[in-house]
Amino acid sequence: MYKIAVAGTGYVGLVAGVCFAEVGHQVTCVDIDENKVNLMKSGVSPIYEAGLEELMQKNFAAGKIDYTTDFQSAYKDADAIFIGVGTPEQPDGSANLSYIATVARQIAESIEKDCLVVVKSTVPVGTNDKVEQFIKDFLVHDVRVEVASNPEFLAQGSAVHDTLHAERIVIGTESKWAEDLLMGIYEPFGLPIVSVNRRSAEMIKYASNDFLALKISYMNDIANLCELVGADVQDVAKGMSFDGRIGSKFLNAGIGFGGSCFPKDTKALEYIAKQHGYELRTVKAAIDVNKDQKTLLYKKASKRLITFNGLKVAVLGLTFKPGTDDLREAASLENIPLLLEQGADIYAFDPVGKDNFARLYPEGQNGRGNMTYVERIEDALDGANVCFIFTEWGEVKAVDPETYKKLMRTPLIYDGRNLYSVQKMKDAGVEYHSIGRQSVFREGVKESKHRELQTIGL
Ligand code: UDX
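Within each chain, residues carry numbers counting from 1 in the order of the written sequence. Selection of residues for local features in this predicted model requires a pLDDT of at least 70, selection of side-chain atom pairs for listing and counting requires 80 or more, and totals for whole chains, interfaces and linings are taken over all residues. With hydrogens and water stripped out, all remaining heavy atoms of the structure feed into the side-chain values.

### So, the pattern of salt bridges
A side chain with one charge may pair with a side chain of the opposite charge, provided their charged atoms come close. Stated formally: Salt bridges are defined by distance alone: a side-chain nitrogen of Lys or Arg within 4 Å of a carboxyl oxygen of Asp or Glu. Per the convention used, a helix needs a DSSP run of H or I reaching at least four residues, while a strand needs a run of E reaching at least two, with both numbered from the N terminus. Working definition: with a 1.4 Å probe on protein chains only, accessible area under 20% of the residue-type maximum means buried, over 50% means exposed, and in between means partly exposed.
Scanning the model with the defined rule gives 23 salt bridges in all. Note that lysine 113 and aspartate 79 form a salt bridge whose closest N and O atoms lie 2.6 Å from each other. In this pair, lysine 113 sits in the loop between helix H5 (98-110) and strand E5 (115-119) while aspartate 79 sits in the loop between helix H4 (71-75) and strand E4 (80-83), placing the two residues 34 residues apart along the sequence. Relative accessible area serves as the criterion here: at 18%, aspartate 79 is assigned to the buried category. As a salt-bridge pair, glutamate 375 and lysine 354 come within 3.8 Å of each other at their nearest N and O atoms. Of the two residues, glutamate 375 sits in the loop between strand E12 (369-374) and helix H16 (377-381) while lysine 354 sits in helix H15 (residues 354-360), which places them 21 residues apart along the sequence. When salt bridges with common partners are traced through the structure, they connect Asp129, Glu132, Lys136, Arg198 and Arg199 into a single cluster.

In structure tokens form, the structure reads like this:
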């Protein structure tokens, strides 16, 4: 059992802390936000993540985890301090390291015994060298301190599962002491550990995330070509997936990748490369494709309709993916402002993302348009002129094609997640546009005439 402190209680820090407690370590999570700390002490998770609250409550009751704003007492006698604070993207694409620097200084001024500082946050290659030097510069007591890199690969929505059953744990250390200590902390997880040097560990994180982002952008690029040449991207992906070298995961074409990692980490690596005088062309292409992909359906719909002004627009899904209330870099955030600008009357459904979205776009008049948040998908669809699907929530998938036909004033769907069979939509009499597949037009609606046409019944 090790005494562990965790700095930052976002997705990375809180989930790590709770999982360390779950496998038997003594954990203190530190955050600067007093309200958040009180909330967590009362057993409430500040983020929506399957299984997290249960583990928080269980381990808090067992005395294995605690939460505090008092970093000094949490850090002073910890065997290891994990840093999981944010590294948000700056306007030039670089990572903002000010939160890490603040924590590093607090650690230096607090620790009273030998301690391993482990950076879990995603940081540019070489940052851990600097963090170590920074801590040593500000150190108050004469103790041994080293910094290790331990990148996080969890996906939101399955964060607890991904941590307890990770496919690999990557640790980057510069001494046997640090390696042994970190191996000891992870030993109870019983998972494969890849032990490399610090810079390689930092690079593994970016290289992994950007590879996945690239895979998605590649499929989106192929999807757009599929539409033009009359192929179906889902069939194409299926055909590709049997090749073990390609694999079957992350081949889903859609409305572009969002979330807290891929958009940020692609830009960060491109920036790092630029700083070293190198142009990372593949990653740059992934970023470019993703940018265009986000508003592809909006552009298609704009051609199909004369205007969105006064139209009832159903939006199904606001979050960047299902299983989370996180809106960061979600397609909804790109498209809804455009629709509102056009005077659309938006009815949005999302099982958990509504409150976060309403903080940005409150219920009621927003510029020229209007926002209404609904609890039931049917209320969004009822009498709607057009429907956009941005997130593949189970609740959305469960809506059958006939429901769109029955409830909507004009059954016109733009599906950014390819949730439906094209044939079934056709059979149900729904006009259906998706990604990388052939569109289904309603009778009498010709693609070439988009600009001139209004949907029937406007
Ligand atoms: C990702 C990585 O999976 C994780 O390992 C890393 O630590 C953090 O970034 P996350 O952002 O939570 O996790 O979600 P993920 O499930 O990877 O999806 C990211 C985005 O890609 C979502 O917007 C999703 O809709 C999109 N995506 C994913 C696709 O468009 N197609 C796919 O095939 C897979």
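### Here's the deal with the site of the ligand
Stated precisely, the cut-off is as follows: For each residue, the test is whether any non-hydrogen atom lies within 4 Å of the molecule or strand; if one does, the residue is near. Any N or O atom pair separated by 3.5 Å or less is treated as a polar contact, with the protein-specific requirement of one donor-capable and one acceptor-capable atom, and with residues adjacent in sequence counted only for side-chain atom pairs. Areas reported here follow the Shrake-Rupley algorithm with a probe of radius 1.4 Å; residue values treat only the protein chains shown as occluding. Note that Gly is not counted as nonpolar here; it falls among the polar residues with everything else outside the nonpolar set of Ala, Val, Leu, Ile, Met, Phe, Trp, Tyr, Cys and Pro and the charged set of Asp, Glu, Lys and Arg.
Contacts to the ligand come from 18 residues, most closely from Phe153, Leu154, Gln156, Asn252 and Arg417. Phenylalanine 153 places a main-chain nitrogen or oxygen 2.7 Å from an oxygen atom of the ligand. Asparagine 252 is positioned such that a nitrogen or oxygen atom in its backbone is 2.9 Å from a nitrogen atom of the ligand. Relative to its unbound accessible area of 660 Å², the ligand is 90% covered by the protein chains. Broken down by element, the residue count for the shell around the ligand peaks at three residues, all from helix H9 (residues 198-229). Grouping the constituent residues of the shell around the ligand by class yields ten nonpolar, four polar and four charged.

### Quick notes on helix H12 (residues 281-294)
Heads up, the rule is: The span one expects for a helix is its residue count, reduced by one, times 1.5 Å. Residue contacts are defined here by distance: any two heavy atoms, one from each residue, within 4.5 Å place the two residues in contact.
Given a rise of 1.5 Å per residue, 14 residues ought to cover 20 Å, and the 20 Å separating the end C-alpha atoms of H12 matches this to within 8%. When we look at burial in H12, the residues that qualify are Val283, Ala286, Ile287, Val289, Asn290, Gln293 and Lys294. Structurally, H12 contributes buried residues whose contacts are with H9, helix H11 (262-275), helix H13 (296-304) and helix H14 (331-341).

### Focus: the confidence of the model for the protein
Do not read the fine detail of predicted coordinates wherever pLDDT is low. The criterion, for reference: Confidence of the predictor at the level of single residues is captured by pLDDT, which takes values from 0 to 100.
Counting all residues, the mean pLDDT for the protein is 94, and 97% of those residues have values of 70 or more. Taken together, the stretch residues 448-458 has pLDDT below 50 and engages in 23 contacts with residues farther than four places along the chain or on a different chain.

### As for the sheet that holds strand E15 (residues 431-433)
For clarity, the threshold we go by: Paired strands, as defined in this entry, are two strands with at least two bridges between them according to DSSP. Structural elements are reduced to axes, namely lines fitted to C-alpha atoms, with helices fitted over the stretch in contact, and the angle between N-to-C directions of any two is expressed from 0 to 180 degrees.
As summarised here, the arrangement of the seven strands in space is E11-E12-E10-E9-E13-E14-E15, forming an open sheet in which the pairing is mixed. Of all the strands in the sheet, just strand E11 (364-366) and E15 have a single pairing partner and so form its edges. When strand polarity is set aside, the average angle formed by the axes of neighbouring strands in this sheet is 25°. Pairing between strand E14 (residues 412-415) and E15: three bridges, direction parallel. By the bridge assignment for E15, tyrosine 414 is matched with histidine 433.

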